[in-house]
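Listed here are the chains, written in short residue letters.
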Amino acid sequence: MDKLQEEKIEKLGAFEIDELLIQAAEKNKNFLNAGKGNPNWINTKARLAFCQLVEFGVIESQRTYNQTDIAGDIATAGIYERFSAFLTTRDDETAEFLLACLAYFKTEFSVPLDDLVAELIDGAIGNNYPTPNRVLKHSEKILATYLKEVLFNGAELANETEIFPTEGGTAAMVYIFQSLKENKLIRPDDKIAISSPIFTPYLQIPELHDYQMVEIDLQSSEENNWEVPVEEFEKLLDPNIKAFFLVNPSNPGSKALGEKELAKIKQIVEKRPDLMIITDEVYGSFVKNFQSVYTAVPHNTLLVYSYSKLFGATGWRLGMIALNQENVFDQAIQNLSENDHQELTERYSLVTLYPDKMKFIDRIVADSRSIGLYHTAGLSTPQQMMMVLFSLTHLICLEKPDRYINESKNIIQSRYELLHDQLNYPMDNSELNSKYYSLIDIYRLADQLYGQEFSVYLKDYFEEIDFLVNLAETTGVVLMDGVGFGTKAGEIRISNANLPTEDYAIIAERILELLKDYHLRFLEAAK
Ligand SMILES: *Cc1c(COP(=O)(O)O)cnc(C)c1O
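Residues numbered from 1 in each chain as written. Predicted model: local features only at pLDDT ≥ 70, side-chain atom pairs only at ≥ 80, totals over all residues. Heavy atoms only, no water.

Trainee: Break down the site of the ligand for me, citing the residues and quoting the values.
Mentor: Around the ligand, 14 residues are found, and the nearest of them are Gly169, Thr170, Tyr283, Lys309 and Arg317. Separating an oxygen atom of the ligand from a backbone N or O atom of Gly169 is a distance of 2.6 Å. Contact between the ligand and Ser306: an oxygen atom at 2.6 Å from a side-chain N or O atom of the residue. When isolated, the ligand has an accessible area of 390 Å², and the protein chains bury 94% of it. (Near = heavy atom within 4 Å. Polar contact = N/O pair within 3.5 Å; in protein donor to acceptor, adjacent residues only side chain to side chain. Areas by Shrake-Rupley, 256 points an atom, 1.4 Å probe, with all protein chains shown as cover.)

Encoded structure:
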């Protein structure tokens with residue numbers, strides 16, 4: 001590859017480089033793409049249950065009107081009993097799951113069960129605008145309870161947590177940056193802290209012309225097994241840092257914050273009570289006894305979650321924003337200057353009589369539809385129901401281990417082990433390692449296999465991108481460059497989510513083959 005081409009490529013984001021590598025590798029008959037974080041498994045239970053909600057919903061609709069393909073609205077009165085009867089006659093595993101959900105509602109919810117079931121059925125049918133637009137009423141409680149069970153490690157915060165379901169974590173991120181900016185909580189030239197390496201958009205968005213923020217890195221590295229050193233958090237004491245963005249467990253580092261780090265953050269926030277924290281915890285369920293940043297500093301933390309990874313649901317686009325009823329984002333809005341207040345009052349008075357009182361989370365909803373379409377804002381109701389059903393698969397097995405979650409952890413774990421084993425590359429078996437991605441330092445691997453002189457040669461003569469392009473072209477294996485995520489040169493991200501387990505041995509083999517090739521060239525050159 002020539003220098004100019006190389007420089008152009010290096011300007012691209014990690015996912016765009018990945019696209020080029022795929023094009024290079026696709027022609028190879030041994031094509032293997034381990035770049036994708038998309039899981040290659042799905043949750044079947046919730047999906048089948050969704051079908052039964054729709055099926056019953058159609059029967060219900062036909063009760064009120066039934067002509068050819070046209071049916072009426074559902075009726076709420078008595079729907080709980082009718083749904084129970086429908087499920088009892090179905091007598092399959094899916095109906096059994098839904099009956100268990102109904103039993104769960106009966107013991108856990110003190111609301112009229114007809115209302116709750118009507119929300120589910122109407123939601124699945126999707127014949128009404130999402131109302132309330134932020135989130136359906138009972139659904140919010142189910143989603144908050146799910147968050148408590150998978151991310152809060154028992155902390156009793158569900159009742160004070162408000163939720164806005166979004167089109168995946170992707171939309172959550174876009175909406176958050178947008179509303180932070182619209183509400184003047186972050187401004188051009190403001191400093192924001194980022195725990196890096198990190199999922200690329202958190203590095204790329206703040207640098208865009210629209211935002212122009214100054215990034216301060218809290219850096220983790222392989223030497224520390226991708227733990228953020230506790231001292232790094234001290235950087236947050238700088239009062240000019242407005243917000244702290246992190247992915248926890250991290251991507252690509254895959255490491256969750258532990259007790260020590262959470263205690264440190266709590267301590268920092270005591271001195272920086274205004275600090276806004278945005279934590280993306282989509283991999284939380286892959287760590288045993290995971291504990292969210294939100295539990296340590298609930299009033300300072302906005303939480304992002306997505307169903308994409310655990311449930312194999314990237315095509316559904318299911319994510320959410322969660323925020324405590326009392327939070328520093330609302331406070332920061334209250335503390336804005338008179339001028340800023342006036343401007344924002346004007347903005348939001350188009351959709352509410354009390355713009356001053358409009359909460360940050362509701363502002364996010366309004367901003368997500370450019371204010372003017374606030375009345376039709378909100379995530380599609382069938383999507384909300386799919387989230388509810390995924391959540392319920394976990395909530396109804398609280399008494400026993402959740403076999404689905406355990407199995408998904410095992411899949412990731414066995415691929416991680418096979419890959420590291422075959423490469424003879426050190427493993428990090430700490431409980432806080434989600435193992436969703438492996439970061440392999442090719443220079444370290446080269447050193448391990450053929451000595452330091454070769455490793456230095458590799459660094460001097462070949463950019464990491466050469467290695468990846470070569471790997472793609474000659475072996476068909478696609479891996480991602482860690483540099484785009486903010487790692488030092490040489491780190492390569494391998495997703496343990498997307499390929500059949502046995503393929504991880506093949507990937508290791510091909511990496512080793514290519515290194516051997518480079519080593520032969522090194523020996524030739526040394527002659
Ligand atoms: C995969 C991923 C997401 C999920 O995004 P979706 O839009 O929900 O698919 C969010 N954040 C991080 C860090 C991710 O790796």
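Trainee: I'd like a rundown of the packing of helix α4 (residues 79-90) against helix α5 (residues 93-108), residues and numbers included.
Mentor: In the contact formed by α4 and α5, the axes pass within 8 Å of each other and the chain directions differ by 150 degrees. With respect to α5, the element α4 is oriented roughly antiparallel. Note on packing geometry: the crossing formed by α4 with α5 is left-handed. Of the residues in α5, those touching α4 at Tyr80, Phe83, Ser84, Leu87, Thr88 and Arg90 are Ala95, Leu98, Leu99, Leu102 and Lys106. Broken down by class, the residue content of the contact of α4 with α5 amounts to seven nonpolar, two polar and two charged. (Axes fitted to C-alpha atoms, helices over the stretch in contact; angles between N-to-C directions. Helix = DSSP H or I, 4+ residues; strand = E, 2+ residues; numbered from the N terminus. Parallel < 35°, antiparallel > 145°, perpendicular 65-115°, else oblique. Left-handed = near helix turned anticlockwise from the far one by under 90°. Contact = heavy atoms within 4.5 Å. Nonpolar A, V, L, I, M, F, W, Y, C, P; charged D, E, K, R; others polar.)

Trainee: Account for empty space enclosed by the protein, with residues named and values stated.
Mentor: Any space left empty among the atoms is revealed by the rolling of a water-sized probe across them. Applying the stated criterion across every chain yields a total of two cavities of 30 Å³ or more. Space inside the largest cavity adds up to approximately 90 Å³. If you trace the largest cavity, you find 15 residues lining it, with Trp226, Val228, Ser250, Lys255 and Leu257 closest to the centre. Among the secondary structure elements, those contributing two or more residues to the lining of the largest cavity are β5 (191-196) and β7 (241-247). In the lining of the largest cavity, the residues fall into seven nonpolar, five polar and three charged. (1 Å grid on protein atoms, 1.4 Å probe; cavity = no way out; pocket = protein on both sides within 12 Å on 5 of 7 lines; lining within 4 Å. Points joined across faces, edges and corners; volume = space filled by probe spheres on them.)

Trainee: So, the nonpolar core: which residues are in play, and what are the values?
Mentor: Of all hydrophobic cores here, the largest spans 71 residues; its most connected members are Phe83, Phe105, Leu147, Tyr307, Leu389 and Leu392. Of all the elements, helix α15 (residues 381-395) adds the most residues to this core, at eight residues. Look past the residues within four positions of Phe83 in its chain and what remains in contact with it is Leu53, Phe56, Leu98, Leu102, Val117 and Ile121. Tyr175, Ile176, Tyr202 and Leu336 belong to the second largest nonpolar core, which has 42 residues in total. (Core = buried A, V, L, I, M, F, W, Y, C linked by side-chain atoms within 4.5 Å. Buried < 20%, exposed > 50% of the residue type's maximum accessible area, 1.4 Å probe, protein only.)

Trainee: Just give me the short version of the pairing of strand β10 (residues 318-324), but keep the residues and values in it.
Mentor: Of all seven residues in β10, seven are buried, a share of seventy percent or more. Along β10, one buried face is formed by Leu318, Met320, Ala322 and Asn324 and the opposite face, lined by Gly319, Ile321 and Leu323, is buried too. Relative to β10, strand β9 (residues 301-306) runs antiparallel, the two being bridged by five bridges. Within the sheet, the bridge partner assigned to Val304 lies in β10 and is Ile321. (Pairing = 2+ DSSP bridges.)

Trainee: Quick rundown of the environment of Leu439? Include the residues and the values.
Mentor: Within the element layout of this structure, Leu439 appears in strand β11 (residues 437-441). Residue contacts for Leu439: discarding those within four places in its chain leaves Glu222, Trp226, Pro252, Gly253, Tyr425, Thr487, Glu491, Ile492 and Arg493.

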